[in-house]
Amino acid sequence: MAFDGFPPFISAQLHYLINHFPDKIKVEQVLSGGKSYTGGLDRFTLLIPYCLDHIKWDVIYNAEFPLAPPDIIFGREDEDFHPLPMAGGEGEGDLKSRTKNILSDWKNKDPTRLLALILELRDQYMSYQRDRVGEVDDDRLKFEINTICSREIIYPVGRKYASTPSAPRLKLMSTSELRALFSIDDVKLPSWLDGMCMAEYLPHLEESLEKQVLEAVSLIDIRRRFIEALAPLFGRPLEADPVFCRKATFLASSGSFVFLAHFLMSTQFPKQQPTLMLQSSQHISPQGFPKKSPFLTEYPWSPRWDVSQMAERIFDFLVEESLNFKRFCNESQPQH
């Protein structure tokens, strides 16, 4: 993600925050401090994942005074959230002291500073919300929070006389590294049974997730063996993903027509067939880019075939498709 227009020290801190925050964080509402200021952008809004939703915090630097830490403005609904120790306050706790130390020891050339500040504030915000939950007159909610205090959860607040407590809303979150291996959108959550509490439910969820992740790991080897099965037909790949084995590129030819064959594999391979895309080595678009085919997914495929048969059927398909692609490249080539 590019942050053009920011002073270098803000850009460096934003890059580090985006790349190292545990969840996927977004940047919006990028602005400059005023019409008269020409030094660049110095304020923005962070969308921070929190309990199935996002909280929005405005981060305001003053690029004219780069040694100063940024101000953080929280949402209107959190006007009682005070992350810094109050003057003369007692028993404010370690979290607020850590936040104060980060701000007092601010080093604008340290790219890790913004991340450290946001993480500390998020920890304080979670503590603040737990305290608010403790004030709600709901015995079931208090029980759930006390038994899974280390987890993030949204639980519906019901009346005390409700006969059957409703199920919580659950959302799985993952790092970018895990998403490359395993799609959490495809995870099947265990059923929630009447009368169940989260302390009972979570072990079943974790056991189910462990099995699904182990299965996803085993699929890496299947994708690797598929890429290896392509080599006798297409030659050694020009490049291939060595970790998750989700993409590979081969140099191919049809007579004198030379092209690249790109193979893109999802985490659902072999249940889901690879997406193919051809790229000419001899034809350039008017914009100056190599000509490419649309994504190709309509060809013979069965997840029950062994990898050598999968490779052979794709090779046979591309023998015919390369002629269509060559015709497309020649017909769309501008005449001189």
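- The name given to the protein chain in an unreviewed UniProt entry is BRISC and BRCA1-A complex member 2, with Durio zibethinus as the source organism.
- Regarding the protein chain, the relevant UniProt record gives this comment under Sequence similarities (unreviewed entry): "Belongs to the BABAM2 family."

1. Topic: helix α7 (residues 307-331)
Part 1 of the reasoning: Taking 1.5 Å per residue, 25 residues should reach 36 Å; α7 reaches 35 Å between its end C-alpha atoms and fits that length.
Part 2 of the reasoning: Residue V319 marks the point of greatest curvature in α7, where the axis turns by about 30°.
Part 3 of the reasoning: For α7, the complete set of buried residues consists of V307, M310, A311, I314, F317, L318, E321, S322, F325 and C329.
Part 4 of the reasoning: The elements touched by buried residues of α7 are α6 (198-234), β6 (247-254), β7 (257-264), β8 (275-284) and β9 (290-292).

2. Describing the sheet that holds strand β2 (residues 41-50)
Part 1 of the reasoning: Read across the open sheet, the four strands follow the order β1-β2-β3-β4; overall the sheet is antiparallel. The strands lining the two open edges of the sheet, one partner per strand, are β1 (26-32) and β4 (71-73). Averaged over all adjacent pairs, the angle separating strand axes in this sheet is 25°, with direction ignored.
Part 2 of the reasoning: Bridge analysis of strand β3 (residues 53-60) against β4 gives three bridges, and the strand direction is antiparallel. Residue pairing in the sheet places V59 in a bridge with I72 of β4.
Part 3 of the reasoning: Docked against the sheet, helix α1 (residues 8-20) engages β1 and β2, running at close to 10° with respect to β2.

3. Details of the side chain of T45
Part 1 of the reasoning: Mapped onto the secondary structure, T45 falls in strand β2.
Part 2 of the reasoning: Its relative accessible area of 8% is what places T45 among the buried residues.
Part 3 of the reasoning: A polar side-chain atom of T45 sits 2.6 Å from a polar atom in the side chain of D58.
Part 4 of the reasoning: With sequence-adjacent residues up to four places away left out, T45 is seen in contact with K26, V27, E28, Q29, K56, W57 and D58.

4. Focus: the packing of α6 against α7
Part 1 of the reasoning: In contact at an axis separation of 8 Å, α6 and α7 are set at 50° when each is read in the N-to-C sense. In this view, α6 runs oblique relative to α7, as classed from their interaxial angle. For the pair α6 and α7, the crossing hand works out as right-handed. Between α6 and α7, the residues in contact are I222, R225, F226, A229, L230, L233 and F234 and V307, S308, M310, A311, E312, I314, F315 and L318, respectively.
Part 2 of the reasoning: Counted by class, the contact of α6 with α7 contains 12 nonpolar, one polar and two charged residues.

Cut-off values and rules
- Residues numbered from 1 in each chain as written.
- Predicted model: local features only at pLDDT ≥ 70, side-chain atom pairs only at ≥ 80, totals over all residues.
- Heavy atoms only, no water.
- UniProt positions renumbered as here; feature names shortened; annotations may be inferred.
- Helix = DSSP H or I, 4+ residues; strand = E, 2+ residues; numbered from the N terminus.
- Expected span 1.5 Å × (residues − 1).
- Bend = angle between axes of the 7 residues up to and from the residue.
- Buried < 20%, exposed > 50% of the residue type's maximum accessible area, 1.4 Å probe, protein only.
- Contact = heavy atoms within 4.5 Å.
- Pairing = 2+ DSSP bridges.
- Axes fitted to C-alpha atoms, helices over the stretch in contact; angles between N-to-C directions.
- Polar contact = N/O pair within 3.5 Å; in protein donor to acceptor, adjacent residues only side chain to side chain.
- Parallel < 35°, antiparallel > 145°, perpendicular 65-115°, else oblique.
- Left-handed = near helix turned anticlockwise from the far one by under 90°.
- Nonpolar A, V, L, I, M, F, W, Y, C, P; charged D, E, K, R; others polar.

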